[in-house]
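# Overview (structure and organization)
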Amino acid sequence: MKRNTKIIQINGFRGLILALFTVTCLAAGFIVFPGFVAKNIWNYFSGYGYMPVINLFQGILLWAMIAISYFIITDRRKQSFIAVKSPKELNEEELKQVMNAIKMHTQRHMIISAGELEKFKLKEITKPDEFEKKHEETSSKHEEKEKENV
């Protein structure tokens, strides 16, 4: 089940009436009214030529054809009638902010170059057996130093 699933709960007869009223108003506002406007515009221009007069249902179909054609055309161009665009290039202030952020990042984290990496190679420890030998040698040297200090 999806985590962000929204559940609409309708309680009683009043909730059912409210839901039907909402759906009816949305249909009237987004389907019927634009269809009515399309019908009136079509019929206005039909008086000047040899076009037939259409009714409300045909006006709704005309509106649907216009709306679907518009969305198909804008989908092909990957554009929308509402778009938030960003500039192609950074201005001087934004570029300085980016460079400062990069400098802060490099100061916080140690960057090891190839030459420095050679210094940090594990020269003493190559195999586990050699590690034990080196550990014993260093511990015996450490014990000898402690005896000298006492």
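Small disclaimer: the values here were computed from a predicted structure and weren't measured.

## Regarding the overall build of the chain
Across its full length, the chain holds 5 helices and 0 strands. Start at the N end of the chain and walk to the C end: the helices and strands fall as α-α-α-α-α. Across the 150 residues in the chain, those meeting the buried criterion constitute 8%. Counted over contacts in the chain with a minimum sequence separation of 6, partners at least 24 positions apart contribute 28%. For the chain, the computed accessible surface area is about 14800 Å², with 63% contributed by carbon and sulfur atoms.

## Things to note about the side chain of Lys 39
Within the secondary structure, Lys 39 sits in helix α1 (residues 12-46). For Lys 39, a relative accessible area of 17% gives the class buried. Excluding its chain neighbours within four sequence positions, the residues that come into contact with Lys 39 are Ile 54, Asn 55, Leu 56 and Gly 59.

## Observations regarding α1
Every α-helix winds through 3.6 residues per turn, so residues three or four apart in the chain are directed the same way. With 35 residues, α1 should cover 51 Å at 1.5 Å per step; its first-to-last C-alpha distance of 49 Å lies within 8% of that length. When the local axis directions of α1 are compared, the greatest deviation, roughly 40 degrees, occurs at Ala 28. What α1 keeps buried is the set Gly 15, Pro 34, Gly 35, Ala 38, Lys 39, Asn 43 and Ser 46.

## Structural notes on the confidence of the model for the chain
Residues with a pLDDT of 70 or more make up 59% of the chain, whose mean pLDDT is 76. Highest mean pLDDT in the chain belongs to α1 (93); lowest belongs to helix α4 (residues 114-119) (60).

## With respect to the packing of aromatic side chains
Summed over all chains, the structure comprises 3 aromatic pairs. Taking 5.6 Å as the distance between ring centres and 80 degrees as the angle between the ring planes, the aromatic pair formed by Tyr 44 and Tyr 48 counts as edge-to-face. The same class applies to Tyr 44 as to Tyr 48, namely exposed. On the numbers, 5.6 Å between centres and 70 degrees between planes, the contact of Tyr 70 with Phe 71 is edge-to-face. Judged by its relative accessible area of 34%, Tyr 70 falls in the partly exposed class.

## Describing the side chain of Ser 46
One can find Ser 46 in helix α1. According to the relative accessible area criterion, Ser 46 is buried, its value standing at 7%. A distance of 2.7 Å separates the side chain of Ser 46 from the backbone oxygen of Asn 43, its partner in a polar contact. Here Ser 46 is in contact with Met 51, Pro 52 and Val 53, once residues within four sequence places are set aside.

Analysis parameters
- Residues numbered from 1 in each chain as written.
- Predicted model: local features only at pLDDT ≥ 70, side-chain atom pairs only at ≥ 80, totals over all residues.
- Heavy atoms only, no water.
- Helix = DSSP H or I, 4+ residues; strand = E, 2+ residues; numbered from the N terminus.
- Buried < 20%, exposed > 50% of the residue type's maximum accessible area, 1.4 Å probe, protein only.
- Contact = heavy atoms within 4.5 Å.
- Areas by Shrake-Rupley, 256 points an atom, 1.4 Å probe, with all protein chains shown as cover.
- Expected span 1.5 Å × (residues − 1).
- Bend = angle between axes of the 7 residues up to and from the residue.
- pLDDT = per-residue confidence, 0-100.
- Phe/Tyr/Trp six-rings, centres within 6.5 Å; stacked < 30°, edge-to-face > 60°.
- Polar contact = N/O pair within 3.5 Å; in protein donor to acceptor, adjacent residues only side chain to side chain.

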